[in-house]
Amino acid sequence: MIGKKLFGTRGIRGPLSTKVTPELMLRLGCALAEYVNGGEVVVGWDTRTSGEMLTRAFTAGLISGGSNVIEIGTVPSPCLAFTTRSLGAGAGAIITASHNPPEDNGIAFYRSDGTEFLTEDEVSLERIFFGSGGKISKWDELGTVRRYEPITPYLNAIKKLVKVRPGLKVVVDCANGAGSLVTPRLLRELGCKVVTLNAHPDGHFPGRPPEPQPWNLTDLMATVREANADIGLAHDGDADRIAVVDEQGNFVKADTIIALFAELAVARSNGGTVVTSINTSVAIDEVVARAGGKVYRTGLGDFTEAMLERHACFAAEPGKLVFLELGPWADGVFSAAKLLELLSTESKPLSEIIAERVPNYPTYYNDFECPDEIKDEFMHEMRDYLLSSVDEIHEVVEVDGVRINRKNGSWILVRTSGTEPKARLVVEGRDEAELERLREIVLKKIKEYLKA
Ligand code: MG
């Protein structure tokens, strides 16, 4: 990170009371107007209670800076990215805190091609924000606001790209987020029988927390079983993410979904590169290699740059899939359509498709308290310890923390969070016994050092 003070791993997020205030939004609007040099800006928001208030403040800043605003209302982040590109706007901005708790909000920015702001864009915007602050235009140079209905064009573009067999039964849990307005409608228009959960917009998130983790999706799993559905799908608050439940009501690992689509993308492009984050399973490498492609790993939140530089055919972090045939943004709505297309072409249950195609290795995840001031020293100690304690090391990858890949394919990742005072551990074994052995090696040192 080159001196970023405002931006985290994805946009700006935090509590409404202390960080993401109307004053911050007004100043960001002024700064962005200067950054796009008077170009148009597409603005949308998710279903949080503070969305309209923050949007008004942000829009006032943009107009004051001389930018024309295209306001598209409550939409999923991927719909905003699509609209920014299709209208040829200078930038897009969505007021969202993704899967954070209801009292938080935030903002994420998109470039005119639909990619999320790169580090260089964030650094430039911060320079204006903390420098001149952007300009206050004269009365006859102010920007304007116009409304635009984005959902129909977005869904039409998706429907052109997928073929779905009519009659598939799907349960979709929208978390009362922005996906509520889009995904059930899309699935019905594709000919599916749709059962909805938490599919009305409500910023209190009364149904479940917006993070689509298995422990928040017990209603979805039960409903898939009761309704005898073919698949269950769940979004986070702004629907750039998707989580999947198979026809038996079992949660499907996010890495398994990445592997399925990575293999298809590589096969379709006759080889090619898949970009994924450092914390994902070696199962992805194995299916991609089988299809004749290769995998490149990045730090969390960093995949956009690598995806562009390496001309990737597919990119993903757990839950966030980028299908380049639609556009270079993570898209939970298009992911829903692609999953139904997969079920249509295979004509067998999702659990069988997965069992045939993607190896399943046991994995252990845990987080530990790790104050910011000791993170560097902790990582230094862990690195030395792992290199001397783990046997059969094949390679050490250090794009974000330390990942030790062993010769037989098992691996260990220790990293510190960029946004929270935490250290994160992932261990994947070839079987349960190996997982247990490797986990004990790492936990011994973590417990000693962090007194966890
Ligand atoms: Mg999100």
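Keep in mind the model is a prediction, meaning the values are calculated, not measured. (Residues numbered from 1 in each chain as written. Predicted model: local features only at pLDDT ≥ 70, side-chain atom pairs only at ≥ 80, totals over all residues. Heavy atoms only, no water.)

1. Here's the deal with the overall build of the chain
Link 1 in the chain: Along its length, the chain carries 14 helices and 20 strands.
Link 2 in the chain: The C-alpha radius of gyration of the chain comes to 22 Å, within 12% of the 22 Å expected for a compact globule of 452 residues.
Link 3 in the chain: Projected onto its principal axes, the C-alpha coordinates of the chain cover approximately 70 × 55 × 45 Å.
Link 4 in the chain: Expressed as a percentage of its 452 residues, the buried residues of the chain come to 59%.
Link 5 in the chain: Of all intrachain contacts in the chain linking residues separated by at least 6 positions in sequence, the fraction that spans at least 24 positions is 69%.
Link 6 in the chain: Only carbon and sulfur atoms are counted for the fraction: they give 50% of the accessible area of the chain, which is about 18100 Å².
Link 7 in the chain: Side chains of the chain give 51 positive and 64 negative charges; the mean places of these two sets differ by 3 Å. (Helix = DSSP H or I, 4+ residues; strand = E, 2+ residues; numbered from the N terminus. Rg over C-alpha atoms; globule rule 2.2 N^0.38 Å. Buried < 20%, exposed > 50% of the residue type's maximum accessible area, 1.4 Å probe, protein only. Contact = heavy atoms within 4.5 Å. Areas by Shrake-Rupley, 256 points an atom, 1.4 Å probe, with all protein chains shown as cover. Lys, Arg positive; Asp, Glu negative; His and termini not counted. Charge placed at Lys NZ, Arg CZ, Asp CG, Glu CD.)

2. Examining the sheet that holds strand β8 (residues 193-197)
Pairing between the strands of a sheet is mediated by backbone hydrogen bonds and can be parallel or antiparallel.
Link 1 in the chain: Strand order in the open sheet formed by 5 strands is β8-β7-β9-β10-β11, and the pairing between neighbours is mixed. Each having just a single partner strand, β8 and β11 (251-252) make up the two edges of the open sheet.
Link 2 in the chain: Taken together, the 4 bridges between strand β7 (residues 169-173) and strand β9 (residues 231-235) define a ladder with parallel strand orientation. Each bridged residue has a counterpart across the sheet, and for valine 172 the counterpart in β9 is leucine 233. (Pairing = 2+ DSSP bridges.)

3. Regarding helix α1 (residues 22-35)
Link 1 in the chain: For α1, spanning 14 residues, the distance from its first C-alpha to its last is 20 Å, which sits close to the expected 20 Å at 1.5 Å a residue.
Link 2 in the chain: Those residues of α1 lying buried are Leu24, Met25, Leu28, Gly29, Cys30, Ala31, Leu32 and Ala33.
Link 3 in the chain: In this structure, the buried residues of α1 make contact with β1 (12-15), β2 (41-45), α2 (51-64), β4 (91-95), β5 (104-111) and α4 (119-130).
Link 4 in the chain: At the C-terminal side of α1, asparagine 37 shows a positive phi close to 55°. (Expected span 1.5 Å × (residues − 1).)

4. Digging into the domain arrangement of the chain
Link 1 in the chain: Along its sequence, the chain is organised into domain 1 (12-151), domain 2 (163-248), domain 3 (254-329) and domain 4 (363-450).
Link 2 in the chain: Placing a centre on the C-alpha atoms of domain 2 and another on those of domain 4 gives a separation of 34 Å. (Domains from an automatic or database assignment.)

5. Points about the packing of helix α8 (residues 254-268) against helix α11 (residues 332-346)
Link 1 in the chain: Contact geometry of α8 with α11 gives a least axis separation of 12 Å together with a crossing angle of 75°. On the basis of the axis angle, α8 is roughly perpendicular to α11. Together, Ile257, Leu260, Phe261, Leu264 and Arg268 of α8 and Lys338, Leu339 and Leu342 of α11 make up the contact between the two elements.
Link 2 in the chain: When its residues are assigned to classes, the contact of α8 with α11 shows 6 nonpolar, no polar and 2 charged. (Axes fitted to C-alpha atoms, helices over the stretch in contact; angles between N-to-C directions. Parallel < 35°, antiparallel > 145°, perpendicular 65-115°, else oblique. Nonpolar A, V, L, I, M, F, W, Y, C, P; charged D, E, K, R; others polar.)

6. Notes on the nonpolar core
Link 1 in the chain: Ranked by internal contacts, the top residues of the largest apolar core, which has 75 residues, are Leu233, Phe314 and Leu340.
Link 2 in the chain: When residues no more than four places from it in sequence are discounted, the contact partners of phenylalanine 314 are Ile258, Phe261, Ala262, Ala265, Thr273, Val274, Val275, Leu321, Val322, Phe323 and Leu324. (Core = buried A, V, L, I, M, F, W, Y, C linked by side-chain atoms within 4.5 Å.)

7. Quick word on unusual backbone geometry
Link 1 in the chain: Phi at alanine 175 is positive, roughly 60°, even though this residue is not glycine.
Link 2 in the chain: Counting through the fold element by element, alanine 175 comes out in the loop between β7 and α6 (183-189).

8. So, the sheet that holds strand β3 (residues 69-74)
Link 1 in the chain: Pairing is mixed in the open sheet, where 6 strands are placed in the order β1-β5-β4-β2-β3-β6. Of all strands in the sheet, those with a lone pairing partner are β1 and β6 (145-147), marking the two edges. Taken pair by pair, the neighbouring strands of this sheet meet at an average axis angle of 20°, ignoring direction.
Link 2 in the chain: Alignment of β1 against β5, held across 4 bridges, turns out to be antiparallel. Counterpart to glycine 14 in the pairing with β5 is asparagine 105.
Link 3 in the chain: Packing of helix α3 (residues 77-86) onto the sheet brings it into contact with β2, β3, β4 and β5, and relative to β4 it is tilted by some 160°.

9. Some words on the coordination of the magnesium ion
Link 1 in the chain: Every protein donor of the magnesium ion is accounted for by Ser98 (OG), Asp236 (OD), Asp238 (OD) and Asp240 (OD), and the metal-donor separations fall at 2.0 to 2.2 Å.
Link 2 in the chain: Positions of the donor residues of the magnesium ion along the chain correspond to the pattern S-x137-D-x1-D-x1-D. Placement of the pair is serine 98 in the loop between β4 and β5 and aspartate 238 in the loop between β9 and β10 (242-245), with a sequence separation of 140 residues.
Link 3 in the chain: Among the residues examined, serine 98 registers a relative accessible area of 3% and is labelled buried. (Donors = N, O, S within 2.8 Å, 3.2 Å for Na, K, Ca; no water.)

10. Brief notes about the side chain of asparagine 405
Link 1 in the chain: By secondary structure assignment, the location of asparagine 405 is in strand β18 (residues 402-406).
Link 2 in the chain: Other than its neighbours up to four places away in sequence, asparagine 405 contacts Ile393, His394, Glu395, Val397, Ser410 and Trp411.

11. Brief notes about the packing of α1 against α2
Link 1 in the chain: With their axes 7 Å apart at the nearest point, α1 and α2 run at an angle of 35° to one another. The two elements α1 and α2 meet at a crossing, and its hand is right-handed. Across the interface between the two elements, Pro22, Met25, Leu26, Leu28, Gly29, Cys30, Leu32 and Ala33 from α1 touch Met53, Leu54, Ala57, Phe58, Ala60, Gly61, Leu62 and Ser64 from α2. (Left-handed = near helix turned anticlockwise from the far one by under 90°.)

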